Amino acid sequence: MIRTHDAGTLRAEHAGTTVTLAGWVARRRDHGGVAFIDLRDASGTVQVVVRDLDSVHGLRAEYCVKVTGEVRVRPEGNENPDIPTGAVEVVVADLEVLSEAAPLPFPVAEYEPGTVNEEVRLRYRYLDLRREGPARALRLRSKVNHVIRTVMEENGFLDIETPNLTRSTPEGARDFLVPVRLQPGTWYALPQSPQLFKQLLMVAGMERYYQIARCFRDEDFRADRQPEFTQLDVEMSFADQEDVIDVGEQVVARVWKEVHGYDVPRPLPRLSYADAMARYGSDKPDVRFGQELVDLTGYFAGTEFRVFQAPYVGAVVMPGGASQTRKQLDAWQDWAKARGARGLAYVVVDAETGELRGPVAKNLSEEHLAGLVEAAGAARGDAIFFAAGRRTASQELLGAARLEIGRRCGLIDESAWAFLWVVDFPMFEPVEDDKGEQTGWTAIHHPFTAPTAASLDTFDKDPASALSNAYDLVLNGSEIGGGSVRIHQREVQQRAFEAIGLSPEEAASQFGFLLEAFNYGPPPHAGIALGLDRLVTLLGGYDTIRDVIAFPKTSTGGDPLTGAPTPITPEQRREAGIDAKPRPRGEAEQASGS
RNA sequence: GGUCCCGUGGAGCAGUUGGUUAGCUCGCCACCCUGUCAAGGUGGAGGUCGCGGGUUCAAGUCCCGUCGGGAUCGCCA
């Protein structure tokens, strides 16, 4: 190395040592007769004193320099207690400019974080990452990866890579497609996850597989979504739900312990999907605060009020919500309509008299009004929001309202780590057409998810009530992982395909290779995948997963740094075979195997 | 695909009911300055107000479209 020490490590005990440092000019303070340079490298910053003014005069911010000099304790009164190296400084004997820097597009020596436009930061991400905050996110992520690998290796898991060029499957998200030059007219797909490969690895007897795997899904962006993202992907043979949950808990417990010194309370609490929906209106409930939903379907049985003559009537209470202006209450209606609801009925409880007011109150009987505050768990001064209609949709609306209430009323304990498992997911959910008419069923998790023992015989005859051996890991209202016990019996898998309307021919065409593998003694197996980007975002308290990705993309899939994506030349287009017609004999029949 | 917000020198922002030469802080360039640490001082350069169209005597400002960025609903097994 061309340096002898790391700048950020120098302390009073180094006084008298001659050191060579290499790094960047973070700041320069030129007093004419003496100048100070804050020299920054990956370890931190140290003050360098220069008296040879010719050498320092031409220095500018972010020049890459090498300095040699003696470490000394700073003169009395000149210490800087704000930085770790503030007791010492390096008196320069020799200063060499390794490379120069052009004027900066934004201040790299940032003293107010978050004041630079994100697009500019991404365009010059290599400068952005020189800053302490952005760099810290990548260091954190590296540490998490390391802890994960340690835990997985300790548990005897094998790190096995799976292909990134694979075949397109119809289920789930939209695939990214890659034209295949050697077979014009045919296309690879980038994997949405290594799901099928890891199951094949179980058939292959690998027994314990893990991979920190890149996944690709061509869907619209969110703050917590990118088209390529990373999962800790895990699969275990001869394991059941408890074994997988144990591994998942080990991973998060070790990560949180190593990073925050926080002891994750194990075993983590569990909530059935049905309870999560009933109490929180979400399959990824944020349990850092209360305000649980109240089911008033029975309470309003026999009501004259047409709106509440519904399969489900529920409520959520907004503490102090009665003090909202008419305008604010109307805004809730717009908020609900934006989510596709008709509106959000409400009743306010007068803070002084306890009288119930609002448009809905006029439609309710004396009897229903009398007990309502108690039934809803409200108090004087609160607002009660109602949703009535189809059960799940109404619960989801109330759940969203609950989160909004939590935010607006400051009910959320931001320091909490609220982990929990959501279990006992339904196997299927209805598929509806534009008019809301049910046209069939689709797998909630994926079509390889095993039914629970109780549903094994009946899941295909009664899809509505079938439960699956699936589990999601939830942290502070975000899903950070999910998995399931897989179907390992061909016959059960066939019935599962039939239940979602996939004919044996279609199943064979799309998943024939997996079904064929299942002819050869597949072991019972189960697995999980943790979303690393989200996990690290929550772990580090970041706002978006872009913060924990070295080179993230913008919401239209662009990379401001490289300029990707770009048009291709006509020659590239020709060579790639994008416009070629596939040969008549389709690969589908090849894949069907048997 | 829908809705909302943002776009003004290199960065962050201001710009009134439309009205003279578009303003501030930081940065940049030159010079001064021997103990600063967001150093200080003096002077200077730097702007097609994202782009296109429209309204008007007059548009950074109002209207329409479009591009880029962000958020959100749909979507994401």
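As the structure is a computational prediction, the values presented were derived from the model and not from experiment.

## What to know about the overall build of chain A
- Per the secondary structure count, chain A includes 16 helices and 22 strands.
- For chain A, the spread of C-alpha atoms along the principal axes amounts to about 90 × 75 × 50 Å.
- Burial statistics for chain A: of 594 residues in total, 46% are counted as buried.
- Looking at chain A as shown, the accessible area adds up to about 29,600 Å², and 49% of this sits on carbon and sulfur atoms.
- Taking the average location of the 64 positive side-chain charges in chain A and that of its 87 negative ones, the two points are 4 Å from each other.

## With respect to the confidence of the model for chain A
- The share of residues in chain A with pLDDT of 70 or more is 97%, and the mean pLDDT across the chain is 92.
- Scored below 50 in pLDDT, residues 587-594 shows eight contacts in the model against residues more than four places distant or in partner chains.
- Across the interface, the model reports ipTM at 0.92; the global pTM reads 0.93.

## Overview of empty space enclosed by the protein
- Per the counting criterion, the structure on display carries one cavity of 30 Å³ or more.
- Of the volumes computed, that of the largest cavity is approximately 30 Å³.
- Taken together, Met427, Phe428, Ala443, His446, Pro447, Thr449 and Ala496 form the lining of the largest cavity.
- Tallied by class, the residues present in the lining of the largest cavity amount to five nonpolar, two polar and no charged.

## Remarks on the pattern of salt bridges
- Summed over all chains, the structure comprises 37 salt bridges.
- Of the charged contacts, one joins Arg3 and Asp41 as a salt bridge, the two residues approaching to 3.8 Å between their closest N and O atoms. Within this pair, whereas Arg3 is found in the segment before strand S1 (18-30), its partner Asp41 is found in strand S2 (residues 35-41), the two being separated by 38 residues in sequence.
- What makes Arg3 partly exposed here is its relative accessible area of 23%.

## Examining the nonpolar core
- In terms of nonpolar packing, the biggest core is built from 61 residues, with Val144, Ile148, Val255, Trp256, Phe419 and Leu535 touching the most fellow members.
- Here this core gets eight residues from one element, more than from any other, and that element is helix H6 (residues 241-260).

## Let's talk about the packing of helix H8 (residues 326-338) against helix H11 (residues 391-408)
- H11 packs onto H8 with a crossing angle of 130 degrees between their chain directions and a minimal axis gap of 11 Å. Classified by the angle their axes make, H8 and H11 are oblique. Relative to H11, the crossing made by H8 is right-handed. Where H8 abuts H11, its residues Trp332, Trp335 and Ala336 lie against Leu397, Ala400, Ala401, Glu404, Ile405 and Arg408.
- Of the residues that constitute the contact of H8 with H11, the class distribution is seven nonpolar, no polar and two charged.

## Description of the layout of surface pockets
- The computed volume of the second largest pocket comes to approximately 1,200 Å³.
- Forming the walls of the second largest pocket are 37 residues, and the residues nearest its centre are Arg40, Arg130, Arg131, Glu132 and Gly133.
- For the lining of the second largest pocket, the secondary-structure elements that each account for two or more residues are S1, S2, strand S3 (44-50) and helix H4 (132-154).
- Broken down by element, the residue count for the lining of the second largest pocket peaks at seven residues, all from H4.
- Taken together, the residues of the lining of the second largest pocket sort by class into 14 nonpolar, nine polar and 14 charged.

## A look at the sheet that holds strand S14 (residues 345-349)
- Strand order in the open sheet formed by five strands is S12-S13-S16-S14-S15, with antiparallel pairing between adjacent strands. The open sheet has two free edges, formed respectively by strand S12 (294-295) and strand S15 (356-357), since each of these has just one partner strand.
- Sheet analysis places strand S13 (residues 312-318) next to strand S16 (residues 383-389), joined by seven bridges and oriented antiparallel. The partner of Gly314 across the bridge, within S16, is Ala387.
- Across the face of the sheet, H8 comes into contact with S13, S14 and S16 while running at roughly 150 degrees to S14.
- On the sheet, H11 packs against S12, S13 and S16 and is oriented at approximately 0 degrees with respect to S13.

## A look at the sheet that holds strand S17 (residues 419-423)
- An order of S6-S9-S10-S22-S21-S20-S17-S11 is seen for the eight strands of this open sheet, with the pairing classed as mixed. Edge positions in the open sheet fall to strand S6 (158-159) and strand S11 (270-272), since each of these has one partner strand only.
- Inspection of the sheet shows strand S20 (residues 470-475) paired to strand S21 (residues 478-485) by six bridges, in the antiparallel sense. Across the sheet, residue Leu473 finds its bridge partner in S21, namely Gly481.
- Across the sheet, helix H5 (residues 195-203) is in contact with strand S9 (208-216), strand S10 (228-237) and strand S22 (525-531); its angle to S10 comes to roughly 20 degrees.

## Remarks on the packing of aromatic side chains
- Tallied over the full model, the rule gives 17 aromatic pairs.
- Where Tyr273 meets Phe425, the ring centres are 5.3 Å apart and the plane angle is 40 degrees; that geometry is what we call tilted. One end of the pair, Tyr273, is in helix H7 (residues 273-280); the other, Phe425, is in the loop between S17 and strand S18 (428-432), with 152 residues separating them in the sequence.
- Three or more aromatic residues joined by ring pairs make a cluster, and in this case those are Tyr299, Phe300, Phe305, Phe308 and Phe386.
- Over the face of the ring belonging to Phe289 we find Arg402, whose NZ or CZ atom lies 4.0 Å from the ring centre.
- In this arrangement the basic side chain of Arg408 is found over the ring face of Trp332, its NZ or CZ atom lying 4.2 Å from the centre.

## Things to note about the protein's contact with RNA strand B
- Not every one of the 50 residues close to RNA strand B is listed here, only the nearest: Arg27, Arg51, Tyr111, His445 and Ser555.
- The contact atoms of RNA strand B, taken as those within 4 Å of the protein, divide so that sugar and phosphate hold 53%.
- Between RNA strand B and Val34 there is a distance of 3.5 Å, counted from a sugar or linking oxygen to a backbone nitrogen or oxygen.
- A distance of 2.9 Å separates a sugar or linking oxygen of RNA strand B from a polar atom in the side chain of Glu219.

Thresholds applied
- Residues numbered from 1 in each chain as written.
- Chains lettered and ligands numbered in written order.
- Predicted model: local features only at pLDDT ≥ 70, side-chain atom pairs only at ≥ 80, totals over all residues.
- Heavy atoms only, no water.
- Helix = DSSP H or I, 4+ residues; strand = E, 2+ residues; numbered from the N terminus.
- Buried < 20%, exposed > 50% of the residue type's maximum accessible area, 1.4 Å probe, protein only.
- Areas by Shrake-Rupley, 256 points an atom, 1.4 Å probe, with all protein chains shown as cover.
- Lys, Arg positive; Asp, Glu negative; His and termini not counted.
- Charge placed at Lys NZ, Arg CZ, Asp CG, Glu CD.
- pLDDT = per-residue confidence, 0-100.
- Contact = heavy atoms within 4.5 Å.
- 1 Å grid on protein atoms, 1.4 Å probe; cavity = no way out; pocket = protein on both sides within 12 Å on 5 of 7 lines; lining within 4 Å.
- Points joined across faces, edges and corners; volume = space filled by probe spheres on them.
- Nonpolar A, V, L, I, M, F, W, Y, C, P; charged D, E, K, R; others polar.
- Salt bridge = Lys/Arg side-chain N within 4 Å of Asp/Glu carboxyl O.
- Core = buried A, V, L, I, M, F, W, Y, C linked by side-chain atoms within 4.5 Å.
- Axes fitted to C-alpha atoms, helices over the stretch in contact; angles between N-to-C directions.
- Parallel < 35°, antiparallel > 145°, perpendicular 65-115°, else oblique.
- Left-handed = near helix turned anticlockwise from the far one by under 90°.
- Pairing = 2+ DSSP bridges.
- Phe/Tyr/Trp six-rings, centres within 6.5 Å; stacked < 30°, edge-to-face > 60°.
- Lys NZ or Arg CZ within 6 Å of the ring centre and 35° of its normal.
- Near = heavy atom within 4 Å.
- Polar contact = N/O pair within 3.5 Å; in protein donor to acceptor, adjacent residues only side chain to side chain.

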